[in-house]
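# Fold and contact review
Each chain, letter by letter, is given below.
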Amino acid sequence: MTTTKTRARTPARSQTLPLNSILAGDCIEVMNALPEASVDLIFADPPYNLQLRGDLHRPDNSRVDAVDDAWDQFGSFAAYDRFTQQWLTAARRLLKPTGAIWVIGSYHNIFRVGAELQNQGYWILNDVVWRKSNPMPNFRGKRLTNAHETLIWASKAEGAKYTFNYEALKSLNEGIQMRSDWNLPICTGGERLKDAGGGKAHPTQKPESLLHRVLVGTTNPGDVVLDPFFGTGTTGAVAKMLGRDWIGIEREAAYREVAERRLSRVRRLDAASLATTTSKRAEPRVPFGQVVERGMLRPGEELVSLGGRHTVRVRADGSLIGRDVKGSIHQVGAALEGAPSCNGWTYWHFRRDGKMIPIDILRQQIRAEMAETA
């Protein structure tokens, strides 16, 4: 059983990462004390700086439990902008060159955050609209119901590499390319954490489904995920479950206590469950020559094209030779079809027990063996 540790902030800069720990203190000070270029992903849910004017009541005159905590209060837009500039600067220093950041916000703050991201050299990759399937209604009836929040996903700099598990997100979406509008419910029911009095432990607790999609899509097992506004620990809980290391920063003791209890109950998934769908380009390259070297196909063995119109023979160096044509499995296929290119792995077949089998089966067998020894 793994335990979650809360550590007090240390002004001196650390040379090691306090993995899988909740760090107590101001997020800017704590981030500045962590080693540079050490984090793969930052998920940030900063104060929204809600411009509320007085209490909000439902039609039956009951009071709405809105966000009115001290941590969300700023004296002016200028004060909020200074805070945003400082924490984004600290965050950028922590990101690896291949790192990325997600920031979530509402119309109260997300445009100011987005401008500062660009001011500091971050490169915005997408803005995502989280469309809430069960939003809180607008009780005053003077505005549209606020049914969405916006997430900004950005790399550390223009042209920087970053993690994007395209095929995994496509698989999550039933084989369809994931769009930038996400229809997910807000945190309710058994997932909503309660305080000792039975009220909400945190007013803006995010649903685990949102973090699941973010982390599956833009991190890999073993990556380090930092949340500078940890709250009740949704980012840590999902990261732990998905086999990512995490670091949380939270200055409010009450939230840290709730997060610690929550994280103590989370169990990491096994390695097989953590595996996700990958693109063909991400799989290890296997030259056709390896198939010949290992005797899976022999020199002189005949290959037949898809559809059976063409036959060629395998040569000892892994090339193919046919009537008036020779070259790689791709070159020969393209020449015979009169096409600019050809995927030879799926085009060529060999005979076994009277059946025609694509040579790609042999490549997948080698890849499976490579994965077992990795």
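Here the structure is a predicted model, which means the values were calculated and not measured. Sequence positions are assigned chain by chain, starting from 1 and proceeding in written order. In keeping with the model being predicted, local features are shown solely for residues with a pLDDT of at least 70 and side-chain atom pairs are shown and tallied solely at 80 or more, while totals for entire chains, interfaces and linings include all residues. Calculated side-chain values reflect all of the structure's heavy atoms, with hydrogen atoms and water omitted.

## Description of the sheet that holds strand 13 (residues 325–327)
Using the following cut-off: Here the rule is simple: two strands pair whenever DSSP picks up at least two bridges between them. Here a strand is any run of E in DSSP of at least two residues, a helix any run of H or I of at least four, and the numbering for each starts at the N terminus. For helices, the fitted axis covers only the stretch in contact; all axes are lines through C-alpha atoms, and the angles between them, taken along N-to-C directions, range from 0 to 180 degrees. A contact between two residues is defined here by any heavy atoms of the two lying within 4.5 Å.
Taken together, the six strands give an open sheet; going across it, the order is 13-12-11-10-14-15, and neighbouring strands pair in antiparallel fashion. At either margin of the open sheet sits one strand with a lone partner, and together these are strand 13 and strand 15 (355–358). Along the sheet, successive strands turn relative to each other by an average axial angle of 35°, direction set aside. Bridge count for strand 11 (residues 311–314) against strand 12 (residues 320–322) is two bridges, and the pairing is antiparallel. The residue of strand 12 that forms the bridge with Val314 is Leu320. Together, strand 11, strand 12, strand 13 and strand 14 (348–352) form the strand contacts of helix 10 (residues 329–337), whose direction differs from that of strand 13 by roughly 155°.

## Considerations on the packing of helix 2 (residues 77–94) against helix 3 (residues 110–119)
The following threshold applies: The scheme is simple: roughly parallel for angles under 35 degrees, roughly antiparallel for over 145, roughly perpendicular for 65 to 115, oblique for anything else. Handedness of each helix crossing follows the sense of rotation of the near helix against the far helix: counterclockwise by less than a right angle gives left-handed, clockwise gives right-handed. Lys, Arg, Asp and Glu make up the charged group, whereas Ala, Val, Leu, Ile, Met, Phe, Trp, Tyr, Cys and Pro make up the nonpolar group; the residues left over, Gly among them, are polar.
Interhelical geometry of helix 2 versus helix 3 gives an angle of 45° and a closest axis separation of 10 Å. Here helix 2 lies oblique to helix 3, going by the angle between them. As for the relative orientation of helix 2 and helix 3, their crossing is right-handed in sense. Residues Phe77, Tyr80, Asp81, Thr84, Gln85 and Leu88 of helix 2 form the contact with helix 3, whose participating residues are Arg112, Val113, Glu116 and Leu117. When grouped by side-chain class, the residues that make up the contact of helix 2 with helix 3 number five nonpolar, two polar and three charged.

## Looking at the packing of helix 5 (residues 208–218) against helix 6 (residues 234–241)
Interhelical geometry of helix 5 versus helix 6 gives an angle of 55° and a closest axis separation of 9 Å. The angle between the axes of helix 5 and helix 6 places the two elements in the oblique class. Helix 6 is crossed by helix 5, and the crossing has right-handed handedness. Seen from helix 5, the contacting residues are Glu208, Leu211, His212 and Leu215; seen from helix 6, they are Thr234, Thr235, Ala237, Val238, Ala239 and Met241. In terms of residue class, the contact of helix 5 with helix 6 is made up of six nonpolar, three polar and one charged.

## Brief notes about the environment of Thr163
Residue placement: Thr163 occurs in the loop between strand 6 (148–155) and helix 4 (166–172). On a C-alpha basis, the gap between Thr163 and Thr218 in space is 5.1 Å, while along the polypeptide they are 55 residues apart. Once residues lying within four places of it in the same chain are set aside, the contact partners of Thr163 are Thr98, Trp153, Gly217, Thr218, Thr219 and Asn220.

## Topic: the packing of aromatic side chains
As a reminder, the rule being used: Ring pairs are drawn from Phe, Tyr and Trp, using the six-membered ring of Trp, whenever the two centres fall within 6.5 Å, and their geometry is named by plane angle: stacked under 30 degrees, edge-to-face over 60, tilted for the rest. In this scheme, a residue with accessible area under 20% of its type's maximum is buried, one over 50% is exposed, and one in between is partly exposed, where area comes from a 1.4 Å probe on protein chains only.
On inspection of all chains with the given rule, the structure shows eleven aromatic pairs. When the ring of Trp102 is compared with that of Trp153, the centres are 5.5 Å apart and the planes differ by 5°; the resulting orientation is stacked. Placement of Trp102 in strand 4 (residues 95–105) and of Trp153 in strand 6 is noted, with a sequence separation of 51 residues between them. One exposure class covers both Trp102 and Trp153, and it is buried.

## With respect to the environment of Ala253
Structurally, Ala253 is set in helix 7 (residues 253–264). Residues Ala253 and Ala24, 229 residues apart in the sequence, show an inter-C-alpha distance of 7.8 Å.

## Quick look at the pattern of salt bridges
Oppositely charged side chains are able to pair whenever their charged atoms sit close together. What counts is decided by this rule: Salt bridges are identified by distance alone: a Lys or Arg side-chain nitrogen within 4 Å of an Asp or Glu carboxyl oxygen.
Tallying each qualifying case throughout the model produces twelve salt bridges. With a closest N to O distance of 3.0 Å, Arg262 and Glu208 form a salt bridge. Within this pair, whereas Arg262 is found in helix 7, its partner Glu208 is found in helix 5, the two being separated by 54 residues in sequence. Judged by its relative accessible area of 30%, Glu208 falls in the partly exposed class.

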